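Observations on the three-dimensional arrangement
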Amino acid sequence: MRTRSRSLTVATSVVLALVLSLVAAPAIAGSTASISGTVAVPAGHTVDEDAIYAVVTMLDEDSRPIFSSSRRVSWEDGTYTYSGLDAGTYRVLFFAGPTFASEWWHDSPTLGGATLITLAEGEARTGVDAELALGSTITGTVTYPAGADVTEISTDVSLYRVDDPEDRVASAHAADDGTFTLDGFPPGSYKIKYENHDYSETGNVVVYQWQGGAFDFEGAHTITVAAPGATVEVTQTLMEGRTISGRISGAWFEATRDDYWMVSAEPNGYGFVRVEDDGTYTIRRNVPGVYFVHAFSRFGAGAGTASSAGEWWNDSVDQTGATPVDLTTSTAVTGVDMNVDTVGGLPARPVVSGTAVVGSTLTTTTGAWPAGLTLRYQWLANGARITDATSSTYKVTSAVLGKSITVNVWAQLAESHQEFKESAPTLKVPRTSVPTISGTAKVGATLTAKPGAWSTSTTFLYQWYANGVKISGATKATYTIPSSLMGKSLTVKVAGKKSGYTTVSLASKATLKVPRTAVPTISGTVKTGAKVTAKPGTWSTGTTFTYQWYASGRAIRGATKSTYVIPSSLRGRYLTVKVTGKKSGYTTVARLSAAKKVA
């Protein structure tokens, strides 16, 4: 709901800036100059009918205001004194209203006609007097387009001098019934501007309109108030605004629709309108004219403070290349649609390439920007800035484990205005570990893949390889080595998966090669005094052998050659031999012969 309270401004906009924006001069020892005078009002009136102030402004050498402060004029005799001033140049405004008209010393209704006062140190300037005239009045009524919800509309009415669209001399809010009063200004010729605030969801009263139905200062009707204290009546019917509508689409919009995508019509459209969740938008309340439509994400939910440059219709990075939307004759233009993922054939926002895993390097594009801009980078982890990560690349460290990575690319669009575009987030960076293989790489042995320490709740997939070639069907954590892999080394690749995290596949180190082996045999008659020989059998070419003889399972000291003479002490015992085969790059394997009883 709107609120309507009548409000008056009875001086130029420059005066308001002085009164509201500048601060009073500090008290300085030795500031002994002063300005004083008397304010008179027309016969039949007294100064206490208005609150009248003498507003004193000190100027610098370029006539720019340094400070501004005021003294209230006495209700009893109209006098005032402003003391404690430094030597310098001043001007004085007698600020009144609504009964009397404000004026500048000496007898000027405008700032440009004010007479400057130059004070010497310690000078007491008197006679800075004013004789105020009665304030003039304009009363009027505004009416709204058929169907407008007048309870949701607020209209500000402003009065400007006929020769200066910046010199506002009075203003008011229209009441609920559309009536308004502008008063406290001197006689003269003026133009009236109506500025409208339509708070209804589908409100479409024009943003502004001038008296007589014009949409610019030059075309506005002139209102002349001939004499002090005179009243002029006016009426004005406000027009329905013109509309622009369309749809925003694309993956960028889908991912960030909660961050308040906005659309504006430049240069004189009604501010920004929010894009609906389904991507549709309608810019209402436009006055006749030519517009350029801009869609962008404001990131109002916390990803930044500046608006994020999006797209100018149709497919342009800046207004210079935009296609105009003409509302000079049309009351509504539809189909102003934009897919914001690409602009001018380029991805609209930065695109991060690389794998989000510790040790890898991520690289970003800049996104689509106007030519000639200075760009800078900032990488973020879960939305927080990463220290010293300000180039187009970023090497992922363990400090960002469990976090997703984005990059902001900032552009300096003007001296005091920057905008940024943010990439889509990567998957979260997982904790990973290089897998290991336990077990002995020999025929018939079972190897086991050990994943190591990964992010909690990671699930694993396995694939075994022989000499780098995938072994069909070998996709479990364990693998039993067949004889077909003799002469080959084995590796296992473990892929860790967790929802929302980068899937990472890491390979173990290779095992030693699987050797060809054989069960050794004992040649010769196994009886006391006989010489027996260990026969290794067929092993991988180039294998060297060592031997150890055993009696009933116990190693025989010193019996480490391929031959052995059986002593009488072993009669009745069982003789075996262990042959150990060694070859560089292969698994060392020990094989035991069958046992034979010593006769």
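Here, the structure is the one placed above.
Presented here is a report on the structure given in the accompanying data block.

Conventions used here
Residues numbered from 1 in each chain as written. Predicted model: local features only at pLDDT ≥ 70, side-chain atom pairs only at ≥ 80, totals over all residues. Heavy atoms only, no water. Helix = DSSP H or I, 4+ residues; strand = E, 2+ residues; numbered from the N terminus. Buried < 20%, exposed > 50% of the residue type's maximum accessible area, 1.4 Å probe, protein only. Contact = heavy atoms within 4.5 Å. Core = buried A, V, L, I, M, F, W, Y, C linked by side-chain atoms within 4.5 Å. Pairing = 2+ DSSP bridges. Axes fitted to C-alpha atoms, helices over the stretch in contact; angles between N-to-C directions. Patch = residues over 30% accessible without salt bridge, like charges linked within 9 Å, V, L, I, M, F, W, Y side chains within 5 Å. Areas by Shrake-Rupley, 256 points an atom, 1.4 Å probe, with all protein chains shown as cover. Salt bridge = Lys/Arg side-chain N within 4 Å of Asp/Glu carboxyl O. Lys, Arg positive; Asp, Glu negative; His and termini not counted. Charge placed at Lys NZ, Arg CZ, Asp CG, Glu CD. Phe/Tyr/Trp six-rings, centres within 6.5 Å; stacked < 30°, edge-to-face > 60°. Lys NZ or Arg CZ within 6 Å of the ring centre and 35° of its normal.

Within the secondary structure, Ser158 sits in strand 11 (residues 153-161). Residue classification places Ser158 among the buried positions, given a relative accessible area of 2%. When near neighbours in sequence (up to four residues on either side) are disregarded, Ser158 contacts Arg168, Ala170, Ser171, Lys191, Ile192, Lys193 and Glu195.

Generally speaking, a soluble globular protein has its nonpolar side chains buried in company with each other. Among the nonpolar cores identified, the biggest contains 34 residues, and Ile244, Ile248, Val263, Tyr281 and Val293 are the most heavily contacted of them. Where this core is concerned, the elements lending two or more residues are strand 15 (208-210), strand 18 (242-249), helix 2 (251-256), strand 19 (261-266), strand 21 (280-286) and strand 22 (290-297). Grouped together as the second largest cluster of nonpolar side chains are 25 residues, Ala54, Val73, Val92 and Phe94 included.

One open sheet holds the three strands; their spatial order is 43-44-47, and the pairing between them is antiparallel. Strands at the two margins of the open sheet, each flanked by one partner only, are strand 43 (521-523) and strand 47 (563-565). On average, adjacent strands in this sheet sit at an angle of 30° to one another, irrespective of strand direction.

Reading across from one edge, 13-10-17 is the order of the three strands in this open sheet, with mixed pairing throughout. Single-partner strands in this sheet number two, and they are strand 13 (179-185) and strand 17 (231-237). Across the sheet, the mean angle from the axis of one strand to that of its neighbour is 20°, orientation sign disregarded. Two elements, strand 10 (residues 136-143) and strand 13, share six bridges in a ladder whose sense is antiparallel. What sits directly across from Gly140, in strand 13, is Phe180.

Within the secondary structure layout, Asp107 lies in the loop between strand 6 (103-104) and strand 7 (117-119). Taking the C-alpha atoms as reference points, Asp107 and Leu132, separated by 25 residues in sequence, lie 8.5 Å from one another.

Right, let's talk about a negative patch on the surface for a bit. On the surface, Glu201, Asp258, Glu276, Asp277 and Asp278 cluster together into a patch of negative charge. Relative to the helices and strands, Asp277 resides in the loop between strand 20 (272-274) and strand 21.

Time to look at the pattern of salt bridges. Pairing of side chains with opposite charge becomes possible as their charged atoms draw close. If you walk through the whole model with that rule in mind, you get four salt bridges. When the shortest N-O distance is used, the salt bridge between Arg64 and Asp62 registers 3.3 Å. On the basis of relative accessibility, which here comes to 48%, the residue Arg64 falls in the partly exposed class. Asp62 gets classed as partly exposed once you look at its relative accessible area, which sits at 49%. Ionic pairing is found between Glu123 and Arg125, a salt bridge with its closest N-O pair at 3.1 Å. On the basis of relative accessibility, which here comes to 24%, the residue Glu123 falls in the partly exposed class. A cluster of three or more residues bridged by salt bridges with shared partners is formed by Asp60, Asp62 and Arg64.

Going through the model one piece at a time under the given rule, you end up with 15 aromatic pairs. The interplanar angle of 70° and the centroid separation of 5.1 Å between the aromatic rings of Phe185 and Tyr190 together place this pair among those described as edge-to-face. Taking the relative accessible area as the measure of exposure, Phe185 reaches 0% and is therefore buried. Look at Tyr190 and you get buried, because its relative accessible area is 1%. Taken together, a centroid distance of 6.2 Å and an interplanar angle of 70° make the contact between Phe253 and Trp261 edge-to-face. Each member of the pair, Phe253 together with Trp261, is buried. Ring-pair connections join several aromatic residues into one group, and the members of that group are Tyr160, Trp210 and Phe217. Cation over ring: Lys191 sits above Phe217, and NZ or CZ is 4.5 Å from the ring centre. Its end group placed over the ring of Tyr208, Lys193 keeps NZ or CZ at 5.0 Å from the ring centre.

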